[in-house]
Structures are given as structure tokens and as C-alpha cells.
Amino acid sequence: MVTVIIPALNEAQTIGQVVAYCLSQPVVSQVIVVDDQSVDDTVAIAREAGAEIIISASRGKGISMKEGIQAARNESLIFLDGDIEYPEDTIALLAKPLLENEADFVKATFSRNAGRVTELVAKPLLSIFYPGLAHFSQPLSGMIAGRKQFFSRIEFFQDYGVDIGILIDMFLMRARISEVAIGHIENKSKPWHALGKMSREVTRAIIMKAMRQKNELVNLNELELVNLISSEMKSVMEDQVNQMKKMVVFDMDHTIFKGSFIETCADKYGFRKEYDQIRLHEKDASAFTKRVSLLLKGISMDDLLHTAAEIPMIDDIQSVVAMLKQRGYLVGIVSESYHLITEYVKNKIGADFHLSNQLEYFEGKATGEVRIPSYFYHNEESSCSHPICKTNALRHLSSRYDIPLDNSVVVADGENDLCIIEQAGVGIAFCTTNELVRFVADGEITEPAFSKVLQFAN
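The rules we used
Residues numbered from 1 in each chain as written. Predicted model: local features only at pLDDT ≥ 70, side-chain atom pairs only at ≥ 80, totals over all residues. Heavy atoms only, no water. Helix = DSSP H or I, 4+ residues; strand = E, 2+ residues; numbered from the N terminus. Buried < 20%, exposed > 50% of the residue type's maximum accessible area, 1.4 Å probe, protein only. Contact = heavy atoms within 4.5 Å. Areas by Shrake-Rupley, 256 points an atom, 1.4 Å probe, with all protein chains shown as cover. Salt bridge = Lys/Arg side-chain N within 4 Å of Asp/Glu carboxyl O. Axes fitted to C-alpha atoms, helices over the stretch in contact; angles between N-to-C directions. Parallel < 35°, antiparallel > 145°, perpendicular 65-115°, else oblique. Left-handed = near helix turned anticlockwise from the far one by under 90°. Nonpolar A, V, L, I, M, F, W, Y, C, P; charged D, E, K, R; others polar.

What follows is about the overall build of the protein chain. Along the backbone of the protein chain there are 20 helices and 14 strands. Counting across all 458 residues of the protein chain, residues that qualify as buried make up 53%. Within the protein chain, residue pairs in contact and separated by at least 24 positions form 67% of the contacts whose partners lie at least 6 positions apart. Of the roughly 20,300 Å² of accessible surface on the protein chain, a fraction of 49% belongs to carbon and sulfur atoms.

What follows deals with the pattern of salt bridges. Per the stated rule, a full pass over the model turns up 18 salt bridges. The shortest N-O distance in the salt bridge between Lys96 and Glu100 comes to 3.1 Å. On the accessibility criterion, Lys96 (42% relative accessible area) is partly exposed. Of the residues examined, Glu100 reaches a relative accessible area of 43% and is grouped as partly exposed. Across the pair Lys390 and Asp417 runs a salt bridge whose closest N-O atoms are separated by 2.6 Å. Of this pair, Lys390 sits in helix H17 (residues 390–401) while Asp417 sits in the loop between strand S12 (408–412) and helix H18 (418–423); the two residues are 27 residues apart in sequence, bridging distant segments of the chain. Like Lys390, the residue Asp417 is buried in the burial classification.

This part covers the packing of helix H1 (residues 15–23) against helix H2 (residues 42–49). At a closest axis distance of 8 Å, the pairing of H1 and H2 adopts a crossing angle of 25 degrees. Here H2 runs roughly parallel to H1, going by the angle between their axes. Here H1 runs over H2; the crossing is right-handed. Facing H1, whose interface residues are Ile15, Gly16, Val19 and Leu23, H2 presents Thr42, Ile45, Ala46 and Ala49. Residue composition of the contact of H1 with H2, grouped by class: 6 nonpolar, 2 polar and no charged.

This part covers the packing of helix H14 (residues 301–310) against helix H16 (residues 339–349). The geometry of H14 relative to H16 is characterised by a closest axis approach of 10 Å and an angle of 45 degrees between their N-to-C directions. Put simply, H14 runs oblique to H16. Classified by chirality, the crossing of H16 by H14 is right-handed. Judged by residue contacts, Met301, Leu304, Leu305, Ala308 and Ala309 of H14 engage Leu340, Ile341 and Tyr344 from H16. A breakdown of the residues in the contact of H14 with H16 according to their chemical character gives 8 nonpolar, no polar and no charged.

Given below as C-alpha cells:
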């Protein structure tokens with residue numbers, strides 16, 4: 001019998017059907033979902049579908065895989081992703097070489113064009129350092145199967161190098177390795193921003209394994225070839241980025257602003273106690289927005305704008321926005337604050353667009369009523385289950401400007417930004433104190449300056 005191990009993070013929309021598929025297969029007697037501390041309903045849905053749950057002690061795919069291996073009751077193990085619809089025969093095809101004692105390790109290949117990192121980095125490096133592995137069509141595939149006794153001896157990387165590292169270790173342990181075709185799947189291609197990071201981590205994994213195996217430094221000729229491969233990858237990426245339509249989205253509070261607009265108002269107009277109580281007890285996003293807006297009743301538009309003008313902005317925001325626009329990016333703001341304020345900030349920094357809630361006014365004063373625009377609400381294309389989420393606004397912008405989500409950069413700081421940071425092509429955690437925000441982000445800026453955004457938005 002076989003154990004299926006599924007590392008997962010925030011995959012509530014698909015994890016149930018993946019677990020159900022696994023348990024429907026006759027050879028499967030155990031399904032383990034190793035959760036990387038998801039903030040959605042991944043754990044509850046997976047448990048209800050029949051999976052055993054492990055909450056990972058530390059985030060990272062390699063650690064999750066190791067924890068799943070330790071909990072597996074079977075000798076034959078299969079690793080699958082939690083966000084893919086698999087062909088019916090996937091598990092049977094992966095398990096067959098193990099159960100019939102024809103292989104010790106199996107990698108899945110599937111019909112799609114080979115990825116750029118595979119063709120430009122992984123295969124050339126394997127041909128240099130491990131020519132015995134160069135024939136594999138998809139050496140970076142994460143859909144694998146193998147014997148527990150072999151997996152238990154592997155050193156797992158915690159980044160994009162994990163899958164190639166496993167393949168190399170299996171090869172060095174002289175495991176019998178096979179590659180099986182499982183048909184066609186809609187596998188998520190890595191967004192453009194991730195390719196550079198992925199290529200570096202794959203390169204690092206292969207070279208580290210090679211150096212340890214040889215017990216000596218890789219020779220200069222091999223390093224020269226590595227540099228040529230890296231240069232080729234960089235050239236391909238630069239050409240692609242220069243040709244694409246793309247955008248950068250900034251959060252406003254505690255990101256562009258060195259503070260929060262509504263908290264500044266709470267201190268200035270004397271409703272800090274009421275605001276803190278609402279923030280502490282109100283968990284519904286829509287109700288929170290409406291209750292907080294009532295606290296602004298009677299304050300004039302002029303006073304609100306003067307309050308916004310008193311909040312300092314990150315010093316280099318205007319110059320960075322100008323540089324991003326020179327590079328061909330649309331630049332804008334997505335905020336849970338108010339249209340009047342985000343429009344002021346948009347004009348101040350020279351941005352192209354802004355999305356936010358619409359505070360209502362009568363005779364120049366706030367009525368306390370607020371309209372939450374439809375683009376914040378959950379719909380059939382939403383990528384999370386939250387009733388209101390900034391990710392829905394990001395999708396709205398993607399549709400409006402005909403810019404793929406993969407070509408978006410999001411810069412934000414808070415727990416309410418988790419989804420939009422994770423779903424963007426590049427998610428950047430800006431001066432955050434939230435560990436999960438750091439984890440899901442593709443990059444982090446720890447100093448109050450935006451110049452490093454330019455490194456992610458080439």
C-alpha cells in the first residue's frame with residue numbers, strides 16, 4: 001500500500017478534491033496533509049476529506065516533506081501538490097514501478113512545454129555535473145514517488161532546489177530511478193519574477209551537491225560554464241520583462257504612509273478608544289469597515305485631507321514611482337482606506353490609479369456611511385474564500401488593464417495583505433512585523449525606503 005504526502009499552504013479551494021482523489025485510489029491507505037500554518041480553511045477541509053493532518057513546526061517544503069515521511073506508515077510514498085487536478089491514473093502510474101519492484105524512485109513527467117529554468121539551467125548543469133541525469137525530461141518535477149528507506153536518508157533543501165536535490169541524492173545512493181508520463185495537467189507555471197530566484201536556487205543545489213560529492217572545489221572550467229548559463233537565463237528574463245505589460249501596486253497605510261490614516265484620525269479627533277474596541281472585537285471585514293466609518297461622521301473633507309497631509313510618507317516614494325513608470329510599469333494604490341485620501345496620495349506620488357472604499361459626504365462633511373466597491377467582494381474568479389479581499393481588487397485591475405497577475409508586483413505590510421502578496425507575481429513584505437507575511441512574500445524590505453522595489457521590478 002501507498003502513503004500520499006501533500007505539503008500545503010493556503011489551498012482551501014483545491015485541497016479537498018485532491019485528498020478525495022487520493023483516497024479513491026485502491027493502492028492508497030494513508031493521506032497526510034502537512035500544513036505550513038495556513039490562514040484559510042485548508043486544514044479543516046483536508047481533515048473533513050479524510051486526510052491526516054500535520055501542522056508543520058517550521059515553514060518550507062523540505063521540512064514539510066520530511067515531517068510527512070516520518071509520519072508515513074507505508075514504505076511506498078508519493079508526493080503531490082495540493083492545487084492540481086490530476087489525471088485519474090496519476091497515482092497508479094507513480095506507484096506501479098515501486099509496487100512491482102522495478103524502481104526505488106519515480107518522477108512524473110506531464111505534457112506541457114518544458115519550463116525555462118529546466119531548459120536553460122537545470123539540464124545544462126546536470127549535463128556538466130551529473131550527465132547520468134541529463135536525460136530526464138522534467139528533472140524539477142515535484143510529483144514524485146519513492147521508498148521511505150531512501151527518502152529518510154536525504155538532505156532536503158528549503159527552496160526551489162528541493163526537487164533537484166532529491167533527484168541527485170537518489171542518483172548518488174544508486175537508487176533505481178524511472179520517469180513516468182502521467183498525461184496532461186494544468187500545472188502552474190512559475191511567474192516571471194520567480195524564475196531568476198528559482199534558477200539561482202537550482203544552480204546552488206546542483207553545485208553544492210557536486211562539491212560535496214567531489215570533496216573539492218568545482219574547477220574553473222565548470223564555473224565558467226555555470227556563468228554562461230546564468231548569463232543566458234538573465235538575458236532571456238530581461239527580454240521578457242521589457243516586452244510585457246506590468247504593474248506595481250502599493251498598500252497605503254504603514255507602507256506609503258509612515259503610519260495609518262484612520263489611526264491618525266482616531267488620535268486627532270478623539271475616538272481612539274472606540275476604534276480600538278472595534279478592531280479588537282469585530283472580525284467581519286464589511287462590518288468593521290462600516291463601524292469604523294461611523295466614527296468619522298461630521299468631519300469635513302478639508303479636515304480629512306489636512307490630516308492625511310500631516311502623515312509623513314516614505315521619503316523616496318515619488319522618485320521610485322517615477323522610475324517604475326520609466327520602466328513601463330503602471331503604478332497604483334489598493335487600500336482599505338478611503339477614496340478621498342488615496343486620490344490625494346495618488347496625485348502626490350504621481351501614480352496612475354487607486355482603489356479604495358468610498359466614504360460618503362453631505363454638504364462637505366462625512367455622513368459616516370461608506371460604500372465598499374464591488375471589486376473588493378468575493379466572486380466566481382476569487383482565489384480565496386474571504387468575502388472581502390484586496391486580491392479581488394488586484395484581479396479587477398488585471399482585467400481592466402489587461403495585465404496578467406503574474407506581471408504584478410505588490411508592496412504591503414499587514415496580515416490583511418496576505419492574500420494579495422501571495423497571489424501577485426511578486427509579493428514584497430514592507431517593514432512588516434508579521435512572520436506569515438514574511439513567509440508568503442517573495443521578497444522583504446526591512447528599511448523604510450522603496451528603492452529595493454526596483455530590484456524586483458526590473
